[in-house]
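Descriptive structure summary
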Amino acid sequence: MLVLTRKPGERVLIGDDIVITVLEARGDGIRIGIDAPRGLRIQRDEVVRAIAEANQEAEAAAHTDDAEELIKEELIKKALGFGD
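1. Here's the deal with the sheet that holds strand β3 (residues 29-35)
Reading across the sheet, the three strands line up as β1-β2-β3 and stay open at both edges, with antiparallel pairing between neighbours. Two strands lie at the open edges of the sheet, namely β1 (11-14) and β3, each paired on one side alone. Taking each pair of neighbouring strands and ignoring which way they run, the sheet shows an average axis angle of 25°. Here four bridges tie β1 to strand β2 (residues 18-26), and the two strands are oriented antiparallel to one another. When the bridges of β2 are listed, L13 appears paired with V19.

And the structure:
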């Protein structure tokens, strides 16, 4: 990992087409601007992690719902005399 110290207004260049500009520094946070090609995805790590976690929870719930539905079907079949 490259660690740099920058002041507001200073820039970091990544390759030929990405520019990160420090816009403002206050308190324990900074504001940055990112100039990059339109087709390049730029995402915040905490948002990506939250979406991944929500997707995992939804998938687990879907599997639980599927299992519950199968159990209900089997119980209904047995109650109606169609089970083994």
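2. Observations regarding the side chain of T21
Relative to the helices and strands, T21 resides in strand β2. You can call T21 buried: its relative accessible area is 12%. Apart from residues no more than four positions distant in its own chain, T21 is found in contact with G9, E10, R11, R31, I32 and G33.

3. What about the environment of A52?
Take A52: it is sitting in helix α1 (residues 45-79). By relative accessible area, A52 is classed as partly exposed at 38%. In sequence terms A52 and E10 are 42 residues apart; their C-alpha atoms lie 34 Å from each other.

Definitions and limits used
Residues numbered from 1 in each chain as written. Predicted model: local features only at pLDDT ≥ 70, side-chain atom pairs only at ≥ 80, totals over all residues. Heavy atoms only, no water. Pairing = 2+ DSSP bridges. Helix = DSSP H or I, 4+ residues; strand = E, 2+ residues; numbered from the N terminus. Axes fitted to C-alpha atoms, helices over the stretch in contact; angles between N-to-C directions. Buried < 20%, exposed > 50% of the residue type's maximum accessible area, 1.4 Å probe, protein only. Contact = heavy atoms within 4.5 Å.

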